[in-house]
Amino acid sequence: MRVMRDPTSFLKEEYDDLVKQEIDWKLRVLGGPSSPWCQVDGKKVLMLCSNNYLGLSNHPKLKEAAIKAVNTHGAGSGSVRPIAGNMDLHVELERRLALFKGAEGSLVYQTGFAANSGLIPQLAGKGDLIISDELNHGSIIDGVRLSHADRGVYKHADADDLGRVLDSAEKTPLIPRRILIITDGVFSMDGDIAPLDKIAKLANEHGAMVYVDDAHGEGVLGDGGRGIVSHFKLSREQVHVEMGTFSKAFGVVGGHVSGSRDLINFAYNKSRTWLLSGSHPPAVAAACMAAIDVLEREPEHVKRLWENTRRFKKAMKDLGFDVGRSETPITPVMVGESGKAKKLSLRVFELGVFALPIVYPMVAQGKARIRTIMNAALTNEDVDFAVSTFEKAGKELGII
Ligand SMILES: Cc1ncc(COP(=O)(O)O)c(C=O)c1O
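J.: What am I meant to see in the overall build of the chain here?
T.: For the chain, the helix and strand inventory stands at 14 helices and 13 strands. Here the chain has a C-alpha radius of gyration of 22 Å; the compact-globule value for 400 residues is 21 Å, and the two agree. Projected onto the principal axes, the alpha-carbon positions of the chain cover approximately 60 × 60 × 55 Å. Here the analysis covers contacts within the chain between residues at least 6 apart in sequence; of these, 70% occur between residues at least 24 apart. Here the chain displays about 18800 Å² of accessible surface, and carbon together with sulfur accounts for 55% of that area. Each charge sign in the chain was given a centre, from 50 positive and 50 negative side chains, and these centres are 2 Å apart.

Here is the structure:
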């Protein structure tokens, strides 16, 4: 006897369930560029939750480069890169990125998500072990899930615990053939930095490969915004895969990995997300190149980002807000209860500041917060406006 199935009823049921729990996404609409003061749902507000750390998404040099590339190369690339979509702009972008990163080579993927989910499963398979920080980004988690390797998890940013996992792996009857340690560089919910120097040291002792996802460290940490490897002054022999994205501080879109020539040759021949997905439109490649130019020639943006970050964090702490363990421009305003975090976000929006709440299940129960992200394009007056807005709303809601 056949079972009678309703093939689609789960769509509505599961969505309704999310709505009931109030964890469905309510999308706000940006009517114009991502700039310090922008239009969100038709209202003029100060942007305080964009990943556009340096304000490059609306930088005239990036816009000019994109327009020029449309005129010279068209709107699309026409294919995947291994077939007919490998334009000179893509190749030049990789050359420029490798120089910027001080690596033998770089490879650009369509997104950071595609880099993690396409490359990680190729780096470790059956008989290997991947060891991951417990708070790693979802794209790493999916990449690890797609691999057939065994998995280990260490406590967040805890090198001692990583050492314990590594030691116990060496004692198992089936000693792993390869070991891959993966961590976010900067953790996107808390803004803290992975102890990459300690991780690299342990990896060296165990002959393990190190993979860092520096999505939130690029343009922020290190010499001229070169990222976490530069921040810790580590070498390519110590950190084997430096992954990143053009979608955050670089202001455009696109994932990338940098490392040895061997890594790049391996990655582009093996990552299915790279091989089987159309390459970036010329405007994207050209704008990404312009972003590298700006980082190299206009160091004031990174400097300004940190000045704003220090000003904001200090003022918020002085007011009595708990800003968590952040060491970077990502500054969580810890609230605790999900309902209260949502109310705070709504109230600051009414008062003119756009900063979204991060609530369970994105973070643990009781750890709800507003995640603010500081930006280089804000003036001192803008930063002070953000602080006074939080002060007003925080007092009204009894948070401070
Ligand atoms: C740590 C981390 N890795 C990877 C990604 C994915 O990057 P992309 O936006 O380029 O897909 C993100 C973006 O949310 C991220 O925060």
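J.: What's the story with helix α7 (residues 196-206) in this structure? I'm lost.
T.: Since the α-helix turns once every 3.6 residues, residues separated by three or four places project in the same direction. Turning to α7, its buried residues number three or more, namely Leu196, Ile199, Ala200, Leu202, Ala203 and His206. Seen from one end, α7 has its buried residues packed into an arc of 165°, which puts them on one side. Set apart from the buried face of α7 by more than 90 degrees, the exposed residues are Lys198, Lys201, Asn204 and Glu205. Residues of α7 that are buried make contact with β5 (150-154), α6 (159-171), β6 (179-184), β7 (209-213) and α8 (228-231). Phi for Gly207, located one or two positions after α7, is positive at around 65°.

J.: Got a minute to help me understand the pattern of salt bridges in this structure?
T.: When their charged atoms lie close together, side chains carrying opposite charge are able to pair. Within this structure, the stated rule accounts for 29 salt bridges. Across the salt bridge formed by Glu92 and Arg95, the nearest N and O atoms sit 2.9 Å from each other. In this pair, Glu92 and Arg95 both sit in helix α3 (residues 88-101), three residues apart, roughly one turn of the helix. Judged by relative accessible area, which is 46%, Arg95 ranks as partly exposed. One salt bridge in this structure joins Arg96 and Asp293, with 2.9 Å as the shortest N-O distance. Of this pair, Arg96 sits in helix α3 while Asp293 sits in helix α11 (residues 282-297), placing them 197 residues apart in sequence. Under the relative-accessibility criterion, Asp293 is labelled partly exposed at 23%. Through salt bridges with shared partners, a single ionic network connects Arg96, Asp293, Glu296 and Arg297.

J.: Hey, could you run me through the nonpolar core in this one?
T.: General note: in soluble globular proteins, nonpolar side chains tend to be found buried as a group. By size, the foremost hydrophobic cluster in this structure holds 56 residues, and its most contacted members are Leu54 and Ile181. For this core, the element with the highest residue contribution is α11, accounting for 10 residues. If near-sequence neighbours (up to four positions away) are discounted, Leu54 is found in contact with Gly219, Ala249, Leu295, His301, Val302, Leu305, Asn375 and Ala376. Ranked by size, the runner-up nonpolar core spans 23 residues in total, among them Phe312, Val353, Leu378 and Phe390.

Cut-offs applied
Residues numbered from 1 in each chain as written. Predicted model: local features only at pLDDT ≥ 70, side-chain atom pairs only at ≥ 80, totals over all residues. Heavy atoms only, no water. Helix = DSSP H or I, 4+ residues; strand = E, 2+ residues; numbered from the N terminus. Rg over C-alpha atoms; globule rule 2.2 N^0.38 Å. Contact = heavy atoms within 4.5 Å. Areas by Shrake-Rupley, 256 points an atom, 1.4 Å probe, with all protein chains shown as cover. Lys, Arg positive; Asp, Glu negative; His and termini not counted. Charge placed at Lys NZ, Arg CZ, Asp CG, Glu CD. Buried < 20%, exposed > 50% of the residue type's maximum accessible area, 1.4 Å probe, protein only. Arc of directions from axis to C-beta. Salt bridge = Lys/Arg side-chain N within 4 Å of Asp/Glu carboxyl O. Core = buried A, V, L, I, M, F, W, Y, C linked by side-chain atoms within 4.5 Å.

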